[in-house]
Amino acid sequence: MDAIRDQRAIIDRRRLTSDLAEAAPRGDGALLDVLKRAHSASRAEIRRRFEADARSEAAGEDVGRETCFLMDQLIRA
């Protein structure tokens, strides 16, 4: 299996965890907003990578692998 290039460009779990800790006192709505922003920014990065490498034979596999990585990191946070 190929490694994911520059994982932190997709999502920085340490930063996300910090952002969630700051939002926690404000309630569930604030936590959800942090997660939505992280998800949206991460999906945009995955899309940017796909569009840059769309002619590559592995582009679709990369999207799947990067999306799984993203979801794993969101769940871990």
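Small disclaimer: the values here were computed from a predicted structure and weren't measured. For every chain, the first residue of the written sequence is number 1, and numbering continues from 1 along that sequence. With pLDDT at 70 or above as the cut-off, local features in this predicted model cover only qualifying residues; side-chain atom pairs require 80 or more to be listed or tallied, and sums for whole chains, interfaces and linings still use all residues. Side-chain figures throughout are based on the complete set of non-hydrogen atoms in the structure, without hydrogens or water.

Topic: unusual backbone geometry
Move 1: Notably, Asp6 is not glycine yet its phi reads approximately 40°, a positive angle.
Move 2: Mapped onto the elements of the fold, Asp6 is located in the segment before helix H1 (7-10). Working definition: helices are DSSP H or I runs of at least four residues, strands are E runs of at least two. Numbering for both runs from the N terminus.

What to know about empty space enclosed by the protein
Move 1: Points on a 1 Å grid over protein atoms alone make up a cavity when a 1.4 Å probe fits among them but cannot get out, and a pocket when they form an open set with protein on both sides within 12 Å along at least five of seven lines; lining residues each have an atom within 4 Å of a point. Grid points are joined across faces, edges and corners, and a volume is the space filled by probe spheres set on the points. For the structure on display, the rule yields one cavity of 30 Å³ or more.
Move 2: Around the largest cavity, the lining residues are Arg5, Arg49, Phe50, Asp53, Ala59, Asp62, Val63 and Glu66.
Move 3: Residue assignment for the lining of the largest cavity shows that the elements contributing at least two residues are helix H3 (28-52) and helix H4 (59-76).
Move 4: Looking at which element gives the most residues to the lining of the largest cavity, the answer is H4, with four residues.
Move 5: The residue inventory of the lining of the largest cavity, partitioned by class, reads three nonpolar, no polar and five charged. Residues are sorted three ways: Asp, Glu, Lys and Arg are charged, Ala, Val, Leu, Ile, Met, Phe, Trp, Tyr, Cys and Pro are nonpolar, and all the rest, Gly among them, are polar.

Topic: the nonpolar core
Move 1: Among the buried residues, those of types Ala, Val, Leu, Ile, Met, Phe, Trp, Tyr and Cys that are joined through side-chain atoms within 4.5 Å form a nonpolar core. In this scheme, a residue with accessible area under 20% of its type's maximum is buried, one over 50% is exposed, and one in between is partly exposed, where area comes from a 1.4 Å probe on protein chains only. Ile10, Ile11, Leu16, Leu70 and Leu74 are the most contacted members of the largest nonpolar core, which totals 13 residues.
Move 2: Elements that contribute at least two residues to this core include exactly helix H2 (13-23), H3 and H4.
Move 3: Sorting elements by how many residues they give to this core places H3 first, with four residues.

Points about the side chain of Ser42
Move 1: With respect to the element layout, Ser42 can be found in helix H3.
Move 2: Overall, the relative accessible area of 2% leaves Ser42 in the buried class.
Move 3: Pairs of N or O atoms are called polar contacts if they sit within 3.5 Å, as long as, within protein, a hydrogen donor faces a hydrogen acceptor (for residues adjacent in sequence, only side-chain-to-side-chain pairs). One polar contact links the side chain of Ser42 to the main-chain carbonyl oxygen of Ala38, over a distance of 2.7 Å.

Considering the packing of H2 against H3
Move 1: For every element, the axis is a line fit to its C-alpha atoms; helices are fit only across the contacting stretch, and the angle between N-to-C directions ranges from 0 to 180 degrees. Direction vectors running N to C along H2 and H3 enclose 155°, while the axes themselves pass 8 Å from each other. On the basis of their axis angle, the class for H2 and H3 is roughly antiparallel. H3 is crossed by H2, and the crossing has right-handed handedness. In this structure, H2 contributes Leu16, Asp19, Leu20 and Ala23 to the contact, and H3 contributes Ala30, Leu31, Val34, Leu35 and Ala38.
Move 2: Residue classes in the contact of H2 with H3 are distributed as eight nonpolar, no polar and one charged. Geometric relationships in this document are graded by angle, where less than 35 degrees denotes roughly parallel, more than 145 denotes roughly antiparallel, 65 to 115 denotes roughly perpendicular, and other angles denote oblique. When the near helix sits turned anticlockwise from the far one by under a right angle, the crossing is termed left-handed; a clockwise turn instead gives a right-handed crossing. Throughout, a contact is declared for two residues whenever any of their heavy atoms are within 4.5 Å.

Digging into the confidence of the model for the protein chain
Move 1: By definition, pLDDT measures how confident the predictor is in each residue, and it falls between 0 and 100. Per-residue confidence for the protein chain gives a mean pLDDT of 94, with 99% of residues at or over 70.
Move 2: Least confident of the elements in the protein chain is H4, whose mean pLDDT is 95; most confident is H2, at 97.

Section: the pattern of salt bridges
Move 1: The salt bridge criterion pairs a side-chain nitrogen of Lys or Arg with a carboxyl oxygen of Asp or Glu, the two atoms within 4 Å. Considering all chains together, one arrives at seven salt bridges under this definition.
Move 2: Between Arg47 and Glu51 there is a salt bridge, with its nearest N and O atoms 3.0 Å apart. One end of the pair is Arg47 and the other is Glu51, both in helix H3 and four residues apart, which spans about a single turn. As far as burial versus exposure is concerned, Arg47 and Glu51 are alike and both exposed.
Move 3: The closest approach of N and O atoms between Asp62 and Arg65, which form a salt bridge, is 3.0 Å. Highlighted residues: Asp62 and Arg65, both in helix H4, separated by three residues, approximately one helical turn.
Move 4: Arg65 sits in the buried class, given a relative accessible area of 17%.
Move 5: Salt bridges linked by common partners bring Glu45, Arg48, Arg49 and Glu66 together as one network.

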